[in-house]
Structure formats: structure tokens, C-alpha cells
Amino acid sequence: MYGRVNYVTFKMDKLDLVAKMWPDGVATYRGKGFEAGYFLLDRATGKSVSVVLFSNEAAMRGNESAGDFRSAESKFRELRLTEPDKHYYEVVATVASDKKDPVGYARLALPMLKLDAIGKVAAGWPGHVSSYRKEPGFRGAYLMVDRKTGEAVSLSLWGSKADCEANEASGAFMATVTPYKDMIAVAPTRSYHDVAAVVRP
């Protein structure tokens, strides 16, 4: 699986409209290797993160070369303050949740991994993050990596802000980071977002 992570800042008075429009744009990707889409939004700043997952790299690249991405993003041009800042990753690990309740909140942790440690991190990460499954608010997680640079994105999904905060207060988050301290070149920065929209296959 591969993921495109797209950063855009929107006009503050247009956030509700953007959140309403986003699923319709991403839904056009269905049937073309599309796996899932998450629209993350910081309503205090207008900053957003679109995470769109594809079954393979060819599908992700084809989404742009075929014009599907451009067609979708063009509808937001008058609503945004910045141009799309796109990053591309291989999804090297996932942890599913058995909870079917809605996803409401997300944490992004952005470490830089040592290149020779990417395989070890990818192999061990699911086992550590699986401990989150015992938390009622956990809704799933993805680890994405650029194997050329070591840039990584750990996306964890939660039912609510309180669920995410409880995960950190309990020490569970740091327990999943500490085992890799010698494999991380730059410690992760964290950001937090409302999940304003979700699109499934």
C-alpha cells in the first residue's frame, strides 16, 4: 500500500464547506486502486492534512498522471490559502481496529528514521502499536515511510480527542516510541487534528 499526504491551509470561513466537499472529490478515486481517505483539519489554524491511501505505487502515481487529483483539487482553489504540498510514502505497517465506531480525531507523529533501520521499525511497529487495541477509542494506525530519505509518518486514529489524550497520558504512546530510539535519526514531532471526513473504498 502507498499513501499521499497533502498539506493545505484553507480560509477560516470556508472550513465547513471544504469538509463537506472533500468526500465527493476523493470518492471519484474509487475503483482505481483507492483504499481509504482521511481529511484531517486543525480548525484553529485552517491547516489540513489529506491522507489518501492506494493499493500500490502505480495507482497512487496514476491518480495524478490521469488527472484525477487535479480534477479534485481544482474545486478548492478559491477556498485555500496555500497550494498543495504533497509527499509520497510506502505504507510499511498497519494496525486495524475491531471498533466500528466513527473516527473523530487523529495524531500524526513525524520521525526521521535511520535508513538502515527502516526494515526493523516496520517489522516491530505493529506489535507495539497493537497494544492500543485494548483502548476503547482506538480506530487504527498506519506507518508510512520514504525509504530514500527515512522521512516517516505515523498516523493513529481515534474516536475523540479525549481518547487520544488518554493514550498519551497513560504512557502508551511513548512505550511505542522508546523501543526505536536508536533507530530514529530525528525524534518525532506530533500534531493533532479533527478527522473532518473519511472516505472508504
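Structure's up top.
The subject of this paragraph is the packing of aromatic side chains. With the rule as written, the count across this model stands at nine aromatic pairs. Look at Tyr38 and Tyr142: their rings are 6.0 Å apart centre to centre, the planes differ by 55°, and that puts the pair in the tilted class. One end of the pair, Tyr38, is in strand β2 (residues 34-42); the other, Tyr142, is in strand β6 (residues 138-145), and 104 residues separate them in sequence. As far as the burial class goes, Tyr38 and Tyr142 line up, both buried. Here Tyr132 and Phe138 contribute two aromatic rings whose centre-to-centre distance is 5.7 Å and whose plane-to-plane angle is 75°, an arrangement assigned as edge-to-face. Exposure remark for Tyr132: the relative accessible area of 3% places this residue in the buried category. Classification of Phe138 by relative accessible area gives buried; the value is 0%. Over the face of the ring belonging to Tyr88 we find Arg61, whose NZ or CZ atom lies 4.3 Å from the ring centre.

Below, the discussion takes up the sheet that holds strand β7 (residues 152-158). Spatial strand order, β1-β3-β2-β8-β5-β7-β6-β4: eight strands in a closed barrel with antiparallel pairing. Between one strand axis and the next, the sheet turns through 35° on average, direction left out of account. In the sheet, strand β1 (residues 2-9) pairs with strand β3 (residues 47-54) via eight bridges, with the strands oriented antiparallel. Bridged to Arg4 within β3 is Val52.

Of the positions making up helix α2 (residues 57-65), those classed as buried are Ala59, Met60 and Asn63. Each buried residue of α2 lies within a common arc of 105° when the element is viewed along its axis, so the set occupies one face. In α2, the exposed positions angled more than 90 degrees off the buried face are occupied by Ala58 and Ser65. Contacts from the buried residues of α2 go to β1, β3, α3 (68-73) and β4 (85-95). In the stretch just after α2, Gly67 is the one whose phi turns positive, near 90°.

For the rest of this paragraph, the subject is the pairing of β2. The element β2 is largely enclosed, with a buried count of seven among its nine residues. Looking at chain direction, β2 and β3 are connected through eight bridges and run antiparallel. Bridge pairing in β3 places Leu40 opposite Val49. Alignment of β2 against strand β8 (residues 184-199), held across five bridges, turns out to be antiparallel.

Our focus in this paragraph is the pattern of salt bridges. Applying the stated rule across the entire model yields 13 salt bridges. With a shortest N-O distance of 3.2 Å, Glu168 and Arg107 are connected by a salt bridge. In this pair, Glu168 is assigned in helix α5 (residues 161-169) and Arg107 in strand β5 (residues 105-113), connecting sequence segments 61 residues apart. For Glu168, a relative accessible area of 24% translates into the label partly exposed.

What follows deals with the environment of Ala106. Turning to its location among the elements, Ala106 is positioned in strand β5. Placed 87 residues apart in sequence, Ala106 and His193 show a C-alpha to C-alpha distance of 5.3 Å. Once you skip the residues sitting within four places of it in the chain, Ala106 turns out to touch Leu40, Leu155, Ser156, Leu157, Trp158, Ser191, Tyr192, His193 and Val195.

Conventions and cut-offs
Per-chain numbering applies: the sequence of each chain, read as written, is numbered from 1 onward. For a predicted model such as this one, the threshold for reporting local features is a pLDDT of at least 70, and the threshold for listing and counting side-chain atom pairs is 80 or more; totals across whole chains, interfaces and linings nevertheless cover every residue. Side-chain figures throughout are based on the complete set of non-hydrogen atoms in the structure, without hydrogens or water. Aromatic rings from Phe, Tyr and Trp, with only the six-membered ring used for Trp, were paired whenever their centres fell within 6.5 Å, and each pair was classed as stacked if the ring planes differed by under 30 degrees, edge-to-face if by over 60, and tilted otherwise. Under the DSSP-based scheme used, a helix requires at least four consecutive residues in state H or I and a strand at least two consecutive residues in state E, with every element numbered from the N terminus. When a residue's accessible area, from a 1.4 Å probe over protein chains only, is under 20% of the maximum for its type it is buried; when over 50% it is exposed; and in between it is partly exposed. Whether a charge lies above a ring is judged from NZ of Lys or CZ of Arg, which has to be within 6 Å of the ring centre and within 35 degrees of the ring normal. Two strands make a pair as long as DSSP finds a minimum of two bridges between them. Structural elements are reduced to axes, namely lines fitted to C-alpha atoms, with helices fitted over the stretch in contact, and the angle between N-to-C directions of any two is expressed from 0 to 180 degrees. The reported arc concerns the directions from the helix axis to the C-beta atoms and nothing else. Whether two residues are in contact is decided by their heavy atoms: any pair within 4.5 Å suffices. Criterion for a salt bridge: a side-chain nitrogen of Lys or Arg within 4 Å of a carboxyl oxygen of Asp or Glu.

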